Amino acid sequence: MEIILHAGAHRTASTTFQAYLAANAAQLAGHGIAVWGPQRTRRGLLAGVTGGPGAERARGRIALNLEAARRAGARVLVVSDENMLGAPRANLREATLYRDAGERIARHVAAFGCRPRRIALSIRGQEHYWESSLAFAVMRGHRLPDAGLLDRLVTQPRGWRAVITDVAAAAGGAEVMVLTHETYAGLPEKRLWHMAGHAVLPPLTHAREWLHRRPDLVALRGALRDRGADPARLPEGQGVWRLFDAEQRAALEAAYRQDLDWLRAGADGLARLVQEDWAGTFLVRQKEARQAGTTSAARRETRGQAHGTDEGRMA
């Protein structure tokens, strides 16, 4: 049984992907693909994996569940939980990007008792990653970020290249696959197709249900008002909350371009950036499935928002 760990990152449509997997779990099981999402991993299955006295019990618990999946006929197991990589609140508190990613991934790999076939990561432009993380933090009661924090987020040197390098070092020889949020945020079926090694045509049911999107300015002002804070501290208007000035945005965009250039150049052999190699095979198989009458329901689903700008992508 091949094990694929989908380790996030946060704010890259991971909740949408996990909801898609859960909604199609029965159909995927018929193709030999088992799914463990947060509704399972966060209910005790992975408790203790990252250290402490519960680590040994965690390994035993995971082994029992792996054996059960094998006996049920699973050929591929997809484990999706972005908390494997770390926590957004730690990123904001330390003003850095997943400082402990390598250690955490190493502990998860060890807990499974065997080398995963691949570890999948999703990344996105740092400007939008940080803005989305901060918006959710404020919704959950954190104070508004000050200019000092924004400056630290822009100037801190740790980008996706560092995170990917740490994950690759901890992967135990597993392939590290990287997908960009900008391409795959609203396309969970194509994300799964890559993760599962093109083994099956993923279903299109529930493939356009976008979840856990970034709260907009209206929602944020309401959250501040509800807890007695001054909503006027936020900008007027609607839409997403833009925190960085033009110079800061340019710096973050340049850092992301460098990360992508490194990935496109081969990432020093550490990781593989998923390119548009699905375009031919995937679309042909979609057409075959439609002709067989298997996607009639999916054809009635709408694409959602426009796909050409960040506002039209997953927030």
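The rules we used
Residues numbered from 1 in each chain as written. Predicted model: local features only at pLDDT ≥ 70, side-chain atom pairs only at ≥ 80, totals over all residues. Heavy atoms only, no water. Helix = DSSP H or I, 4+ residues; strand = E, 2+ residues; numbered from the N terminus. Buried < 20%, exposed > 50% of the residue type's maximum accessible area, 1.4 Å probe, protein only. Contact = heavy atoms within 4.5 Å. Areas by Shrake-Rupley, 256 points an atom, 1.4 Å probe, with all protein chains shown as cover. 1 Å grid on protein atoms, 1.4 Å probe; cavity = no way out; pocket = protein on both sides within 12 Å on 5 of 7 lines; lining within 4 Å. Points joined across faces, edges and corners; volume = space filled by probe spheres on them. Pairing = 2+ DSSP bridges. Axes fitted to C-alpha atoms, helices over the stretch in contact; angles between N-to-C directions. Salt bridge = Lys/Arg side-chain N within 4 Å of Asp/Glu carboxyl O. Parallel < 35°, antiparallel > 145°, perpendicular 65-115°, else oblique. Left-handed = near helix turned anticlockwise from the far one by under 90°. Nonpolar A, V, L, I, M, F, W, Y, C, P; charged D, E, K, R; others polar. Polar contact = N/O pair within 3.5 Å; in protein donor to acceptor, adjacent residues only side chain to side chain. pLDDT = per-residue confidence, 0-100. Phe/Tyr/Trp six-rings, centres within 6.5 Å; stacked < 30°, edge-to-face > 60°.

## Details of the overall build of the protein
The secondary structure content of the protein amounts to 15 helices and 6 strands. By the burial criterion, 51% of the 315 residues in the protein qualify as buried. Pairs at least 24 apart in sequence give 80% of the contacts found in the protein among residues at least 6 apart. Within the structure as shown, the protein displays about 14300 Å² of accessible surface, and the carbon and sulfur contribution to it stands at 50%.

## A word on the layout of surface pockets
Here the idea is plain: a probe the size of a water molecule rolls over the atoms and shows the empty space left. In this structure, the largest pocket occupies an estimated 770 Å³ of space. Around the largest pocket, the lining comprises 33 residues; the ones closest to its centre are P88, R89, L92, S133 and A137. At the level of secondary structure, the elements contributing two or more residues to the lining of the largest pocket comprise α1 (14-23), α3 (38-45), α5 (88-94), α7 (126-139) and α8 (147-155). In terms of residues, the lining of the largest pocket owes the most to one element, α7, which gives 5 residues.

## Thoughts on the sheet that holds strand β6 (residues 272-273)
Here 6 strands make up an open sheet; going across it, the order is β2-β3-β1-β4-β5-β6 and the pairing parallel. The open sheet has two edge strands with one neighbour each: β2 (33-36) and β6. Sitting on the sheet, α1 is in contact with β1 (2-6), β2 and β3 (76-80), with an inclination near 140 degrees to β3.

## Examining the pattern of salt bridges
Counting across every chain of the model gives 15 salt bridges. Across the pair E2 and R117 runs a salt bridge, and its minimum N-O distance is 4.0 Å. Of this pair, E2 sits in strand β1 while R117 sits in the loop between α6 (101-111) and β4 (118-123), and the two are 115 residues apart along the sequence. Here E2 falls in the partly exposed class, since its relative accessible area comes to 34%. In this structure, the salt-bridge partner of D268 is R161, at a minimum N-O distance of 3.3 Å. Remark: R161 occurs in helix α9 (residues 160-170) and D268 occurs in the loop between α13 (246-264) and β6; sequence separation between them is 107 residues. Sharing partners across several salt bridges, the network here consists of R42, D81 and E82.

## Notes on the packing of α8 against α13
Running from amino to carboxyl end, α8 crosses α13 at an angle of 30 degrees, the nearest separation of the two axes being 9 Å. Classified by the interaxial angle, the pair formed by α8 and α13 is roughly parallel. Our pair here, α8 against α13, has a crossing hand that is left-handed. Residues L150, D151, L153 and V154 of α8 touch α13, and the partners they reach there are Q248, A251 and L252. Among the residues making up the contact of α8 with α13, the classes are represented as 5 nonpolar, 1 polar and 1 charged.

## Here we look at helix α12 (residues 217-226)
By the burial criterion, the buried members of α12 are L217, L220, R221, G222, A223 and L224. Buried residues in α12 make contact with α7. Where α12 starts, the residue carrying a side-chain oxygen 3.3 Å from the main-chain nitrogen of V218 turns out to be D216. G228 lies just past α12 and shows a positive phi near 80 degrees.

## Digging into the confidence of the model for the protein
For the protein, per-residue confidence averages 88 on the pLDDT scale, and 87% of positions sit at 70 or higher. Scored below 50 in pLDDT, residues 278-282 makes 11 contacts in the model with residues more than four places away or belonging to other chains.

## Some thoughts on the side chain of D81
Mapped onto the elements, D81 comes out in the loop between β3 and α5. With residues near it in sequence (within four places) discarded, D81 still touches H6, A7, Q18, P38, T41 and R42.

## Digging into the packing of aromatic side chains
Describing an aromatic ring pair means giving the distance of the ring centres and the angle of the ring planes. A full pass over the atoms with the stated rule returns 5 aromatic pairs. Taking 6.3 Å as the distance between ring centres and 55 degrees as the angle between the ring planes, the aromatic pair formed by Y98 and Y129 counts as tilted. Highlighted residues: Y98 in the loop between α5 and α6 and Y129 in helix α7, separated in sequence by 31 residues. Summarising the burial analysis for this pair, Y98 and Y129 share the class buried. Seen from their ring centres, Y129 and W160 are 5.6 Å apart, and the 85 degrees between their planes marks the pair as edge-to-face. Here Y129, found in helix α7, pairs with W160, found in helix α9; they are 31 residues apart in sequence, far enough to count as distant. The class for Y129 is buried, based on a relative accessible area of 0%. A residue is classified by how much of its surface remains accessible, and W160, at 1% relative accessible area, is buried.

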